[in-house]
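# Coordinates in review
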Amino acid sequence: MIIGSKLLFYQNLPSTNTFAAAMVRENSVPEGSIIITDYQSAGRGQMGNRWESEENKNLLISIVLFPSMIHPAEQFLLSTAVSLGICDFLRAHTGEISIKWPNDIYVKNDKIAGILIENSIMGDIIEHTIAGIGININQEIFISNAPNPVSLANITGKQYDLTESLSLLASCLDKRYKLLISENYDILRSDYLSLLYRRDQWHKYQDQAEIFTGRILKVSDTGRLIIEREDGTLNEYDFKEVEFLL
Ligand code: BTN
C-alpha cells in the first residue's frame, strides 16, 4: 500500500493541505502519507474559497505524493486518479455518482466531495503533490453559501464510522494511484469519461462571450473540457473559463 502507508492525525489544523506542504518542505515525508484532521479552522477550497466542515463529522485529508513519472503537461491524470478513487469509495454507499469537471464529486446534482490538488513543479518534474480531499460524510446541515452541498448522511439517513471510512477511502485511492504508476492511463481516462457529469446531454453554459447551449463531449489529455455547440463547433475550456448553468 502506498496511499495510507502512514497516517498522521491532528485534532485540528488550519488546513491539512497547508500543513502537509510545510511538512514536505521541512521533513522527509514518505510517499502516500495521509494527514488527517477532525477540524480545519481555515479549510481551503478551489479558487480561494473556504471549505466548510463541521468538527468531527467528515473526512478532511491531504495525501503527500511524489509523482515524478507524470510530466507536468499530464498533471490532470492526478486529478483523474484521485476523483476516481473517491467515486470508488462512495459507490460502496450510494449510487448516481458523477464527476463534475474538473474534479468535484457529485451525487445527482449536489456536491459531496471536493478536491484541491497542489503541485510543486520544477522544470519538467512534479516534485511533489499535495492532494487535499474533503468528503461530506455525517454532517447534516450546511451553513456556508456553498450552492449545493450534500453528505452521505443526507442521502442515506445513516451515520458512518470515520475510521472505517478512511481505511476504505485509502484503499480505493491506492488502487487508482497504482494504475497511474503502472501507466494504465487509458483505463483512468475512460473511467473518468464514463462518470463525467452532464456528458452527452444538452445544457446551458456561459463562457466569456455568451450563454450558449452545448453538450460535453470529453476532456482532453491536458484536462481541458470539450463542449460541442448546436451548430457542431467544438470549444475547449480551461478551469473557470466556462460556467455550468442550471
Ligand atoms: C473544492 O471543491 O473547492 C476543494 C475542497 C478541498 C477541501 C479539502 S479538505 C482537506 C484539504 N485541506 C484543505 O484546506 N482543503 C482540502
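### Focus: the overall build of the protein chain
In terms of regular secondary structure, the protein chain is built from five helices and 12 strands. For 246 residues, the compact-globule estimate of 2.2 N^0.38 gives 18 Å, and the C-alpha radius of gyration of the protein chain, at 18 Å, lies within 12% of that figure. Overall, the C-alpha framework of the protein chain stretches about 55 × 45 × 30 Å when taken along its three principal axes. Within the span of the protein chain, comprising 246 residues, buried residues form 52% of the whole. Sequence-distant contacts in the protein chain: of pairs separated by 6 or more residues, those separated by 24 or more amount to 63%. Total accessible area computed for the protein chain in this model is approximately 11900 Å², and 49% of it derives from carbon and sulfur atoms. Computing the positive centroid from 22 side-chain charges and the negative centroid from 32, the protein chain places the two 3 Å apart.

### Some remarks on the nonpolar core
By size, the foremost hydrophobic cluster in this structure holds 60 residues, and its most contacted members are I86, I105 and I135. In terms of residue count, helix α2 (residues 76–91) provides more of this core than any other element does, 10 residues in total. Here I86 is in contact with I105, A113, I115, I133, I135, L169 and L173, once residues within four sequence places are set aside. Formed by 10 residues, the second largest nonpolar core is a distinct cluster that contains L13, A20, A21 and V64.

### Considerations on the pattern of salt bridges
Pairing between side chains becomes possible if they bear opposite charge and their charged atoms approach one another. Counted according to the given criterion, the structure contains 13 salt bridges. A salt bridge links K178 to D174; its shortest N-O distance comes to 2.7 Å. Residue K178 and its partner D174 are both found in helix α4 (residues 162–181); the two are separated by four residues, about one turn of the helix. Residue classification places K178 among the partly exposed residues on the basis of a relative accessible area of 36%. Given the relative accessible area of 6%, D174 is considered buried. The closest approach of N and O atoms between D238 and R224, which form a salt bridge, is 2.9 Å. Note that D238 is positioned in the loop between β11 (234–237) and β12 (243–244) and R224 in the loop between β9 (211–219) and β10 (225–229), a separation of 14 residues in sequence. Assessed through its relative accessible area of 32%, D238 is described here as partly exposed.

### A look at the site of the ligand
In the vicinity of the ligand lie 20 residues, with S15, T16, R44, Q46 and K111 positioned nearest. S15 has a polar side-chain atom sitting 2.7 Å from an oxygen atom of the ligand. Within the side chain of Q40, an N or O atom sits 2.9 Å from a nitrogen atom of the ligand. About the coverage of the ligand: the protein hides 98% of its 410 Å² of free accessible area. Ranked by residue count, the leading element in the shell around the ligand is strand β6 (residues 110–122), at four residues.

The rules behind each value
Residues numbered from 1 in each chain as written. Predicted model: local features only at pLDDT ≥ 70, side-chain atom pairs only at ≥ 80, totals over all residues. Heavy atoms only, no water. Helix = DSSP H or I, 4+ residues; strand = E, 2+ residues; numbered from the N terminus. Rg over C-alpha atoms; globule rule 2.2 N^0.38 Å. Buried < 20%, exposed > 50% of the residue type's maximum accessible area, 1.4 Å probe, protein only. Contact = heavy atoms within 4.5 Å. Areas by Shrake-Rupley, 256 points an atom, 1.4 Å probe, with all protein chains shown as cover. Lys, Arg positive; Asp, Glu negative; His and termini not counted. Charge placed at Lys NZ, Arg CZ, Asp CG, Glu CD. Core = buried A, V, L, I, M, F, W, Y, C linked by side-chain atoms within 4.5 Å. Salt bridge = Lys/Arg side-chain N within 4 Å of Asp/Glu carboxyl O. Near = heavy atom within 4 Å. Polar contact = N/O pair within 3.5 Å; in protein donor to acceptor, adjacent residues only side chain to side chain.

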